[in-house]
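So you can see what is in the structure, the chains are spelled out below.
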Amino acid sequence: MYTPDPDRYADMPYRRTGRSGLKLPALSLGLWHNFGPDRPAETQRAILRRAFDLGVTHFDLANNYGPPPGAAESALGDALKADFTHHRDELIVSTKAGYLMWPGPYGEWGSRKYLLSSLDQSLGRLGLDYVDIFYSHRPDPETPLEETMGALHSAVQQGKALYVGVSNYSAEQTREAARILAELGTPLLIHQPRYSMLDRRPEDEGLLDTLDELRVGSIAYSPLEQGLLTGRYLDGIPDDSRAASDSPFLSADTVTEELVGRLRTLNEIAASRGQSLAQLALAWVLRGGRVTSALIGASSPRQLEDSVAAIGNLEFGEDELARIDAVVKR
């Protein structure tokens, strides 16, 4: 039987999410990859146990995570039953709906029909009565935003979610979503954007400014830019890497000689701070406390430990930030 580390809360920083009472760990575990039937169940459970031992109390999912879709939620459901039955109230479990999940006109996007049906299915796979955060995974260009936000509000009213969030929404869409939810009486808790040293769109397009103004939290996904910022590509494309596969998220064409040169320079900056490139990338996203949490993935407990070690140095001097910007923006 799994017994959590009694010192699991000693080192992990916890940050308040916007103006809510909810705190999230600076690093949260995303179950986007590495959780499904193609991975050993014991490895998946070992990652989750080690995460909790290190103070990572937030497990983030979506209905379509796998593969196949739904597999990550099922895997977490099995692990929760086996290892975390007595620790549910110490965990934040989030899920999303918005991308294609089942065939037909009701299996994706942002209708009330899809969102609430998907949430019921997610709860069944997870073996839970409620999730802590339920997200609209992407804006629907054809469904009124009032309907999508109304469905999130209903999930809270029905006791199936404690908080609600949005992901992949623009600054303007986020502002309108927050307004609608406020009128309904269910505050917008959090936004989940893609954000990394190599992808500055939340800064450049005003999303982070909007979240600051609205006092809405943020959790960054892909802070390691699909593995580019892990150090795996410092010498080109490894045969067993994502870029060498048929992954739709990172192609070999992306890993140019010019990019590899920039990654090497960033790695030198990381080394000067006593960090790996991945640790530098995570610390950069978390710098200054503007981002509530950063999502990390892991294929092994050891990889997880390396990422969590980033919390040991989250401070940056102005000269370091300038050096990073000079590399990334050149």
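See the structure shown above.
Not measured: the values here are computed from a predicted model.

### Thoughts on the packing of aromatic side chains
Applying the stated criterion to the full structure yields eight aromatic pairs. Between F59 and F84 the ring centres are 6.0 Å apart and the planes differ by 75 degrees, which places this aromatic pair in the edge-to-face class. One end of the pair, F59, is in strand 4 (residues 58-60); the other, F84, is in the loop between helix 2 (71-83) and strand 5 (92-97), and 25 residues separate them in sequence. Residue classification places F84 among the buried positions, given a relative accessible area of 2%. Grouping aromatic residues by their ring pairs yields a cluster made of Y2, F52, F59 and F84. The ring of W284 is capped by R287, whose NZ or CZ atom sits 3.8 Å from the centre of that ring.

### A word on the packing of helix 1 (residues 41-53) against helix 10 (residues 301-308)
Following both chains from N to C, one finds helix 1 and helix 10 inclined at 30 degrees, their axes separated by 9 Å at the closest point. Viewed along their axes, helix 1 and helix 10 adopt a mutual orientation that is roughly parallel. Two packed elements cross with a definite hand, and for helix 1 against helix 10 that hand is right-handed. Between helix 1, through A46, I47, R50 and A51, and helix 10, the contact on the second element is made entirely by P301, L304 and E305. Of the residues belonging to the contact of helix 1 with helix 10, the class tally is five nonpolar, no polar and two charged.

### Details of the side chain of H87
Mapped onto the secondary structure, H87 falls in the loop between helix 2 and strand 5. A polar side-chain atom of H87 sits 2.8 Å from a polar atom in the side chain of E90. When near neighbours in sequence (up to four residues on either side) are disregarded, H87 contacts P4, R8 and F52.

### Examining the pattern of salt bridges
Under the criterion given, the structure shown has 24 salt bridges. One salt bridge in this structure joins E225 and R194, with 2.6 Å as the shortest N-O distance. Taken together, the positions of E225 in the loop between strand 9 (217-220) and helix 8 (257-272) and R194 in the loop between strand 8 (188-192) and helix 6 (201-204) put the pair 31 residues apart, joining distant regions of the chain. With a closest N to O distance of 2.4 Å, R290 and D209 form a salt bridge. In this pair, R290 sits in the loop between helix 9 (277-286) and strand 10 (293-296) while D209 sits in helix 7 (residues 207-214), placing the two residues 81 residues apart along the sequence. Taken together, the salt bridges that share partners define one network made up of E42, R45, R49 and D83.

### Structural notes on the side chain of Q44
Here Q44 lies in helix 1. The contacts of Q44, once residues within four sequence positions are left out, are N34, F35, G36, R39 and A75.

### What about helix 11 (residues 318-328)?
Taken together, the buried positions of helix 11 are occupied by E320, L321, I324, V327 and V328. For helix 11, the angular spread of the buried residues around the axis is 125 degrees, confining them to a single face. In helix 11, those exposed residues whose orientation departs by more than 90 degrees from the buried face are E318 and D319. Contact partners of the buried residues in helix 11: helix 8 and helix 9.

Criteria and cut-off values
Residues numbered from 1 in each chain as written. Predicted model: local features only at pLDDT ≥ 70, side-chain atom pairs only at ≥ 80, totals over all residues. Heavy atoms only, no water. Phe/Tyr/Trp six-rings, centres within 6.5 Å; stacked < 30°, edge-to-face > 60°. Helix = DSSP H or I, 4+ residues; strand = E, 2+ residues; numbered from the N terminus. Buried < 20%, exposed > 50% of the residue type's maximum accessible area, 1.4 Å probe, protein only. Lys NZ or Arg CZ within 6 Å of the ring centre and 35° of its normal. Axes fitted to C-alpha atoms, helices over the stretch in contact; angles between N-to-C directions. Parallel < 35°, antiparallel > 145°, perpendicular 65-115°, else oblique. Left-handed = near helix turned anticlockwise from the far one by under 90°. Contact = heavy atoms within 4.5 Å. Nonpolar A, V, L, I, M, F, W, Y, C, P; charged D, E, K, R; others polar. Polar contact = N/O pair within 3.5 Å; in protein donor to acceptor, adjacent residues only side chain to side chain. Salt bridge = Lys/Arg side-chain N within 4 Å of Asp/Glu carboxyl O. Arc of directions from axis to C-beta.

Shape descriptors only; they carry no functional weight alone.
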